[in-house]
Amino acid sequence: VVHPRDATAGGRLFTTLNGFLALAGGSSGVTTRTEDHNGTPITVIDFSASVGATGGTLPPGYKAELAWASTPDVAVVGYGASFVEAVLDAGPGSSLADDARFKALLGRVGAENLGVTFVDEPIAKGVVPAEKWDAYVTNIQPYLKPLDAVITNVRKDGGLDRNTGMYTAH
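Presented here is a report on the structure given in the accompanying data block. (Residues numbered from 1 in each chain as written. Predicted model: local features only at pLDDT ≥ 70, side-chain atom pairs only at ≥ 80, totals over all residues. Heavy atoms only, no water.)

1. Notes on the pairing of strand E1 (residues 31-37)
Where a strand is regular, its side chains alternate between the two sheet faces.
Phase 1 of the analysis: Looking at chain direction, E1 and strand E2 (residues 40-46) are connected through 7 bridges and run antiparallel. Paired with arginine 33 across the two strands is valine 44, which belongs to E2.
Phase 2 of the analysis: Linking two consecutive strands that pair antiparallel, namely E1 and E2, is a turn of 2 residues; a positive phi of about 50 degrees is found at asparagine 38 within it. (Pairing = 2+ DSSP bridges. Helix = DSSP H or I, 4+ residues; strand = E, 2+ residues; numbered from the N terminus.)

Listed below in structure tokens is the structure:
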């Protein structure tokens, strides 16, 4: 998710990507479609029929899809249209950036960044469907018991990209 300095340039980038996909994607089995979300077009790229993509590594019900959209306020790229829709619909108080725990952890690795990775069980529990959470608790959580949260950032440092990470434990 990016807050564009130049909304027109963000839109041009996505228009260019759409053009490249139209020219090269069809011959490799990659398809695109556009979905409207409250007046904002969302481009969805479906890789599931592409050469070498069997979908065998994805859980049932998931497709190899990437989606993006751009508005004057935000440019977003993510897994599937539903993620992009959720970002477009997020308002004050409903985003991760408003969460006090996230802010505190981000401050420890550096709030100025090009990208952030964040894994936090208490936040995840609130957004994961109950049956998936139960599977997580049974099959994965026992191995992660000491782990509390993981956060990393990427920032520019002159000509280098620097990554700072932190694991917190109970």
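Still more ground to cover, so stick around.
2. Describing the sheet that holds E2
Phase 1 of the analysis: Here 4 strands make up an open sheet; going across it, the order is E1-E2-E3-E4 and the pairing antiparallel. Each edge of the open sheet carries a strand with a single partner, namely E1 and strand E4 (75-78). Each strand axis lies, on average, 15 degrees off the axis of its neighbour in the sheet, ignoring direction. (Axes fitted to C-alpha atoms, helices over the stretch in contact; angles between N-to-C directions.)

3. Thoughts on the packing of aromatic side chains
Phase 1 of the analysis: For the structure shown, the criterion picks out 2 aromatic pairs.
Phase 2 of the analysis: Taking 4.8 Å as the distance between ring centres and 40 degrees as the angle between the ring planes, the aromatic pair formed by tryptophan 133 and tyrosine 136 counts as tilted. Of the two residues, tryptophan 133 and tyrosine 136 both sit in helix H5 (residues 130-139), 3 residues apart, roughly one turn of that helix. For the pair shown, tryptophan 133 and tyrosine 136 are each scored as buried. (Phe/Tyr/Trp six-rings, centres within 6.5 Å; stacked < 30°, edge-to-face > 60°. Buried < 20%, exposed > 50% of the residue type's maximum accessible area, 1.4 Å probe, protein only.)

4. Overview of the nonpolar core
In globular proteins that are soluble, nonpolar side chains generally tend to be buried together.
Phase 1 of the analysis: Residues Ile42, Val44, Ala67, Ala69, Val74, Val76, Ala81, Val84, Val87 and Leu88 constitute the largest nonpolar core, which totals 10 residues.
Phase 2 of the analysis: For this core, the elements supplying multiple residues, two or more each, are E2, strand E3 (65-70) and helix H2 (80-89).
Phase 3 of the analysis: A total of 4 residues in this core trace back to one element, the largest contributor, which is H2.
Phase 4 of the analysis: Counting residues in each nonpolar core, the second largest holds 8 residues, with Phe102, Leu105, Ile151 and Met166 among its members. (Core = buried A, V, L, I, M, F, W, Y, C linked by side-chain atoms within 4.5 Å.)

5. Observations concerning unusual backbone geometry
What you tend to see is this: most non-glycine residues have negative phi, and most peptide bonds are trans.
Phase 1 of the analysis: For asparagine 38, which is not glycine, the phi torsion reads 50 degrees and is therefore positive.
Phase 2 of the analysis: As for its placement among the helices and strands, asparagine 38 is situated in the loop between E1 and E2.

6. Brief notes about the sheet that holds strand E7 (residues 160-169)
Phase 1 of the analysis: Strand order in the open sheet made by the 3 strands is E5-E6-E7, with antiparallel pairing throughout. A strand with exactly one partner marks an edge of an open sheet, and here the two such strands are strand E5 (115-120) and E7. On average, adjacent strands in this sheet sit at an angle of 10 degrees to one another, irrespective of strand direction.
Phase 2 of the analysis: Two strands pair when backbone bridges link them, and E5 and strand E6 (residues 147-157) are joined in this way by 6 bridges, in the antiparallel orientation. Looking at the pairing, valine 116 lines up with asparagine 153 of E6.
Phase 3 of the analysis: Where helix H3 (residues 100-109) meets the sheet, it contacts E5, E6 and E7, and its direction lies at approximately 50 degrees from that of E6. (Contact = heavy atoms within 4.5 Å.)

7. Quick notes on H2
Phase 1 of the analysis: Within the span of H2, buried status applies to Gly80, Ala81, Val84, Val87 and Leu88. Taken end-on, H2 shows its buried residues confined to a sector of 155 degrees, consistent with a single buried face.
Phase 2 of the analysis: Among the structural elements, E1, E2, E3 and E4 are those in contact with the buried residues of H2. (Arc of directions from axis to C-beta.)

8. Focus on a nonpolar patch on the surface
Phase 1 of the analysis: On the surface, Ile140, Tyr143, Leu144, Leu147 and Tyr167 cluster together to form a nonpolar patch covering roughly 560 Å² of accessible area.
Phase 2 of the analysis: Since its relative accessible area comes to 69%, tyrosine 143 is described here as exposed. (Patch = residues over 30% accessible without salt bridge, like charges linked within 9 Å, V, L, I, M, F, W, Y side chains within 5 Å. Areas by Shrake-Rupley, 256 points an atom, 1.4 Å probe, with all protein chains shown as cover. Salt bridge = Lys/Arg side-chain N within 4 Å of Asp/Glu carboxyl O.)

9. Some words on the pairing of E2
Phase 1 of the analysis: Here E2 lies mainly inside the structure; 6 of its 7 residues are buried.
Phase 2 of the analysis: As paired strands, E2 and E3 are joined by 4 bridges and run antiparallel to one another. Within the sheet, the bridge partner assigned to threonine 43 lies in E3 and is tryptophan 68.

10. Some points on the side chain of threonine 40
Phase 1 of the analysis: Its location among the elements puts threonine 40 in strand E2.
Phase 2 of the analysis: Not counting chain neighbours up to four residues away, the residues in contact with threonine 40 comprise Glu35, Ala69, Ser70, Thr71 and Leu88.

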